[in-house]
Amino acid sequence: MISVQEVYESNFKVGAYSFFEDLRKNQPIHALSEQNGNTTWIVTQYEDVLKLLKQPSFIKDQSKLFSNAQSDDDPMEAKIFQNMMLDADPPDHRRLRKLVQPHFNPKTIKQLEPRIQDIADELIFQMSEKREDIDLINDFAFPLPIIVISELLGVPIEDRDKFRQWSNTIVSAADGEEGDFTRDIGEFIDYLKELFAERERNPQEDLISNLLQTRDEGDLLNDEELYSMIVLLIIAGHETTVNLIGNGMLALFEHPDQLNLLKEDLSLTEQAIEESLRYYSPVDFSTARWAEDDLELHDQTIKRGDLVLGSISSANRDDKQFHHAEVFDIQRKPNPHIAFGYGIHFCLGAPLARLEAKIAFKSLLTAFPNISLNQMSKPEWRQVFLLRGLNQLKVNL
Ligand code: HEM
């Protein structure tokens, strides 16, 4: 049995994709660990990951199986992770998603385009002033989505370093690193409490003010769900699009023919983004699903109560689904990758992430047509389990 640690490590080594290829061929359903009689599995083939994301019998709410339903005495620190739409099944999932969906529809998101372009232009201006020692992550890919999501939610941008820390604490905790988790989450909740109080006194045209009103007016959103919603949106807004921009630019640097093709014809940008999403998927694994019934898969029995993780990165490199899956081809068509998931939990922020990435790629390649990897410094992958992204990406302009 391969340990989580081994999967974790292989995931960041150059050999990550060959490790998954090996699993796809030899052990398409793989037992990672066992605890209290229940197994944690990973599935790696495209078809199986899709099945996992589509199947209503793979549920999200673990408490339905193990009746560890939250009690009223649980602190908010515990509740914010139990009330996210991402961890809910219908009908709660539908109710929660409906509250925010209108804010993330492609049409609504399109209206943000001029503002996102302004932010990108300002960051590019700062990079061209600085000129040297440019880190594409810190100087561009990170601030762009953070500023956008902060403005959309109504979170003061001056506090972005705090959010970066809290967000990092939460995603690192998925690796089992306790660290200063409790303290940081406590601070995060206190901060939100104050922000909510301020917005109740002084409502603005932002998503937080809007959700506060929903909470006050009906029984559509309770207190814990409100906190969970904001925490989820902040984390999703902080930890994902930065990876898409960084990973996509890295893939282009690693494939100069594709970079040149794109520079010569920027109308290929949207396709290049889809291929980046497939090739270096920013979210490596789907979040947890629990089996509600016993199920046979590749001669193995997934038992009721087992936890199943789908490897999105592996599915998106499955040769059975993608012709020459290991080739980075910005003209790939069709490209039915599942980097944003599939089914009812399909990424709410996909239209926003796609628009931000389009503006990012176009603006960078137009402003800096000679942009290239700084050969003095190797790109560094972040050491987190669920996500694939770079710590830094040094470039020459
Ligand atoms: C769900 C990926 C950006 C908000 C998901 C899921 C994936 C994903 C794979 C499904 C997880 C599962 O089913 O287990 C990505 C990628 C992004 C991105 C690759 C960027 C490139 C964003 C942004 C936001 C966002 C910018 C919000 C501002 C959400 C939410 C869900 C979600 C709220 C849960 C949806 C539900 O449960 O119905 N995302 N995401 N994401 N994403 Fe994203």
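Since the structure is predicted, the reported quantities are computational estimates derived from the model, not experimental observations.

## Points about the site of the ligand
For the ligand, the set of nearby residues contains 27 residues, the closest of which are His 93, Thr 287, Arg 289, His 345 and Cys 347. His 93 is positioned such that a nitrogen or oxygen atom in its side chain is 2.6 Å from an oxygen atom of the ligand. Backbone polar atom of Ile 344 to an oxygen atom of the ligand: 3.4 Å apart, as the coordinates give it. Of all the secondary-structure elements, those providing two or more residues to the shell around the ligand are α6 (92-104), α14 (223-239) and α15 (241-254). Residues of the shell around the ligand, tallied by class, amount to 16 nonpolar, eight polar and three charged.

## As for the pattern of salt bridges
All told, the structure shown has 21 salt bridges when counted by the stated rule. The salt bridge partner of Asp 139 is Lys 130, with a shortest N-O separation of 2.8 Å. On the accessibility criterion, Asp 139 (18% relative accessible area) is buried. Note on Lys 130: relative accessible area 41%, which makes it partly exposed. The partner of Lys 394 in a salt bridge is Asp 133, and the shortest N-O contact between them spans 3.2 Å. Of the two residues, Lys 394 sits in strand β12 (residues 394-396) while Asp 133 sits in the loop between α8 (113-130) and β4 (134-135), which places them 261 residues apart along the sequence. Here Asp 133 falls in the exposed class, since its relative accessible area comes to 52%. The network of salt bridges with shared partners includes Asp 92, Arg 95 and Glu 225.

## Some points on the sheet that holds strand β9 (residues 372-373)
A sheet is described by the order of its strands in space; here three strands give the open sequence β4-β12-β9, paired in antiparallel fashion. A single partner strand is all that each edge strand has here, and the edge strands are β4 and β9. When β9 meets β12, the two strands line up antiparallel, connected through two bridges. Its bridge partner lying in β12, Leu 373 is registered against Val 395.

## Considerations on the environment of Leu 144
Position of Leu 144 among the secondary structure elements: in helix α10 (residues 143-153). Under the relative-accessibility criterion, Leu 144 is labelled buried at 0%. Separated by 221 residues in the primary sequence, Leu 144 and Leu 365 place their C-alpha atoms 16 Å from one another. Discounting chain neighbours no more than four positions away, the residues touching Leu 144 are Ile 116, Ile 119, Ala 120, Leu 123, Ile 245, Glu 356 and Ala 360.

Conventions used here
Along each chain, residue indices are assigned from 1 in the same order as the chain's sequence is written. For a predicted model such as this one, the threshold for reporting local features is a pLDDT of at least 70, and the threshold for listing and counting side-chain atom pairs is 80 or more; totals across whole chains, interfaces and linings nevertheless cover every residue. The side-chain figures draw on all heavy atoms in the structure; neither hydrogens nor water molecules are used. The near set for a molecule or strand comprises every residue that places at least one heavy atom within 4 Å of it. Under the rule applied, a polar contact is a pair of N or O atoms within 3.5 Å (in protein, one hydrogen donor and one hydrogen acceptor; residues adjacent in sequence only if both atoms are side-chain atoms). The way it works is that DSSP assigns letters per residue, a run of H or I at least four long becomes a helix, a run of E at least two long becomes a strand, and they are numbered from the N terminus. Three classes are used, and their members are as follows: Ala, Val, Leu, Ile, Met, Phe, Trp, Tyr, Cys and Pro are nonpolar, Asp, Glu, Lys and Arg are charged, and the others, Gly among them, are polar. Here a salt bridge means any side-chain nitrogen of Lys or Arg lying within 4 Å of a carboxyl oxygen belonging to Asp or Glu. Under the scheme applied here, a residue whose accessible area is under 20% of the maximum for its type counts as buried, over 50% as exposed, and between as partly exposed, the area being computed with a 1.4 Å probe on protein chains only. Between any two strands, pairing holds if DSSP finds at least two bridges. What makes two residues a contact is simply this: any of their non-hydrogen atoms within 4.5 Å.

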